[in-house]
Amino acid sequence: CPPGDGDPDRELLAYEPFTYAAALPCAGRGIDELGWSGDWTRSTKCDDATRFAVVGDLWRPQMKSRRQGGAVAADRRGGLSRRWERPLRTDRDDVAYFSYLVRCERRTADAPCDLQVVLRDSRVGEPHRKWAVTVSWSAGKAAICWEGGGNCSSIPVEPGKTYLLAGKIVCGREAPDQTFLRLYAPRQRVDAEEPSSWTVVSRPVISGLTFDTVQVQFNTTMPLLLDELRFGSTWSSVTSPYAHADADRATASVRD
């Protein structure tokens with residue numbers, strides 16, 4: 001874990017709490033966001049009829065405080081896209097951390113129910129040249145896909161529960177790049193320090209991409225929600241709201 005200055009908020013590279021007064025995409029910035037260039041737009045090939053509603057914020061028992069914010073939700077296929085102020089270059093030695101909350105309100109047995117967070121290089125047109133983390137309630141797995149290949153882990157994700165995904169992206173100038181992902185169940189204790197074991201680890205890749213665009217892709221017929229999207233330079237910068245001295249007590253006393 002790279003050294004920080006001890007202030008998790010100062011180590012954030014980008015933060016999106018989805019505190020908007022209207023459905024996305026919309027003009028203007030949300031409250032408390034940072035690290036973005038421009039507004040959210042519809043992703044390529046997104047159906048104009050898809051509505052990305054701003055709803056009540058997602059909550060885990062471990063969170064220090066509840067915000068007066070929102071989460072983004074969709075109940076059909078579509079995607080949103082936004083640029084970073086500071087791109088992540090995979091041709092340099094660097095580490096970036098990420099976290100976000102996801103929830104599926106309900107699902108039907110045979111319908112797709114997947115939510116994917118994607119990083120892309122806007123200069124590269126090949127669709128497979130991307131980094132993506134998927135949570136699939138229909139398949140019961142979390143998966144990492146990078147440069148067209150991926151690894152996955154079977155996990156018992158259930159509707160009506162809020163899950164935290166946290167991980168790191170390791171980039172190397174002369175070494176392969178790799179992603180490490182941890183999925184936390186609703187009442188599972190969140191590690192205060194970077195964990196020694198992970199839910200799923202990507203295969204090593206050499207991409208050389210400059211990730212300057214973040215996309216959120218919904219493939220669903222049931223409501224899916226995303227909230228508290230964070231990218232940072234340290235583990236604590238993306239997990240401090242969930243890993244703290246009162247977390248264990250909160251987990252024991254509050255049901256999801």
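A short tour of the structure in this document, coming up. (Residues numbered from 1 in each chain as written. Predicted model: local features only at pLDDT ≥ 70, side-chain atom pairs only at ≥ 80, totals over all residues. Heavy atoms only, no water.)

**Remarks on the overall build of the protein chain**
Step number 1: Helix and strand counts for the protein chain stand at two helices and 15 strands.
Step number 2: Rg of the C-alpha trace for the protein chain: 17 Å, near the compact-globule value of 18 Å for 256 residues, within the 12% margin.
Step number 3: Considered along the principal axes of its C-alpha atoms, the protein chain spans approximately 45 × 45 × 40 Å.
Step number 4: Within the span of the protein chain, comprising 256 residues, buried residues form 54% of the whole.
Step number 5: Across the protein chain, the fraction of contacts at a sequence separation of at least 24, relative to all contacts at a separation of at least 6, is 70%.
Step number 6: Carbon and sulfur atoms provide 46% of the accessible area of the protein chain, an area that totals close to 11500 Å².
Step number 7: When the 34 positive and 34 negative side-chain charges of the protein chain are each reduced to one mean point, those points stand 4 Å apart. (Helix = DSSP H or I, 4+ residues; strand = E, 2+ residues; numbered from the N terminus. Rg over C-alpha atoms; globule rule 2.2 N^0.38 Å. Buried < 20%, exposed > 50% of the residue type's maximum accessible area, 1.4 Å probe, protein only. Contact = heavy atoms within 4.5 Å. Areas by Shrake-Rupley, 256 points an atom, 1.4 Å probe, with all protein chains shown as cover. Lys, Arg positive; Asp, Glu negative; His and termini not counted. Charge placed at Lys NZ, Arg CZ, Asp CG, Glu CD.)

**Overview of the pairing of strand β11 (residues 162-171)**
Step number 1: Burial of β11 is extensive: nine of the 10 residues sit out of reach of the surface.
Step number 2: By the bridge criterion, seven bridges tie β11 to strand β12 (residues 178-184) in an arrangement that is antiparallel. Opposite L164, over in β12, you have Y184 as the bridge partner. (Pairing = 2+ DSSP bridges.)

**A look at the pattern of salt bridges**
Step number 1: Tallied over the entire structure, the rule returns 12 salt bridges.
Step number 2: Between E33 and R82 there is a salt bridge, with its nearest N and O atoms 2.8 Å apart. Pair noted here: E33 is in the loop between β1 (12-16) and β2 (36-42) and R82 is in strand β5 (residues 78-89), with a separation of 49 residues, a long-range link. When sorted by exposure, E33 lands in the same class as R82, which is buried.
Step number 3: One salt bridge in this structure joins K168 and E194, with 2.5 Å as the shortest N-O distance. Here K168 is found in strand β11, whereas its partner E194 is found in the loop between β12 and β13 (200-201), with 26 residues between them in sequence.
Step number 4: Among the residues examined, K168 registers a relative accessible area of 14% and is labelled buried.
Step number 5: In this structure E194 comes out as partly exposed when scored by relative accessible area, which is 23%. (Salt bridge = Lys/Arg side-chain N within 4 Å of Asp/Glu carboxyl O.)

**Thoughts on the sheet that holds β5**
Step number 1: With antiparallel pairing, seven strands are arranged side by side in an open sheet as β2-β5-β14-β7-β8-β9-β10. Each of the sheet's edge strands pairs with one partner strand only, and the pair in question is β2 and β10 (149-154). Strand-to-strand twist across the sheet, computed as the mean angle between neighbouring axes with direction ignored, equals 15 degrees.
Step number 2: Both strand β8 (residues 131-136) and strand β9 (residues 141-146) contribute to a ladder of six bridges, which runs antiparallel. Looking at the pairing, V133 lines up with I144 of β9. (Axes fitted to C-alpha atoms, helices over the stretch in contact; angles between N-to-C directions.)

**Observations regarding unusual backbone geometry**
Step number 1: With an omega of 0 degrees, the peptide bond between L24 and P25 qualifies as cis.
Step number 2: With respect to the secondary-structure elements, P25 resides in the loop between β1 and β2.
Step number 3: A positive phi angle is found at F18, which is not glycine, with a value near 60 degrees.
Step number 4: With a phi close to 55 degrees, E228 is a non-glycine residue in the positive phi region.
Step number 5: Relative to the helices and strands, E228 resides in strand β15 (residues 224-232).

**Focus: the packing of aromatic side chains**
Step number 1: Going through the model one piece at a time under the given rule, you end up with nine aromatic pairs.
Step number 2: Ring geometry for F18 and W40: centres 6.0 Å apart, planes at 25 degrees, overall stacked. Here W40 lies in strand β2 and F18 lies in the loop between β1 and β2, a separation of 22 residues in the sequence.
Step number 3: Consider the rings of W36 and W40, whose centres lie 5.7 Å apart with planes at 45 degrees: the pair is tilted. You'll find W36 and W40 in the same group, each marked buried.
Step number 4: In textbook terms, an aromatic cluster arises when at least three aromatic residues are bridged by ring pairs, as seen for Y97, F180, W198 and W235. (Phe/Tyr/Trp six-rings, centres within 6.5 Å; stacked < 30°, edge-to-face > 60°.)

**A look at the environment of R89**
Step number 1: Within the secondary structure, R89 is located in strand β5.
Step number 2: Of the residues examined, R89 reaches a relative accessible area of 31% and is grouped as partly exposed.
Step number 3: When neighbours within four sequence positions are excluded, R89 is seen to be in contact with C171, L209 and T210.
Step number 4: Within the structure, the side chain of R89 is placed 2.8 Å from the side chain of D91, a separation counted as a polar contact. (Polar contact = N/O pair within 3.5 Å; in protein donor to acceptor, adjacent residues only side chain to side chain.)

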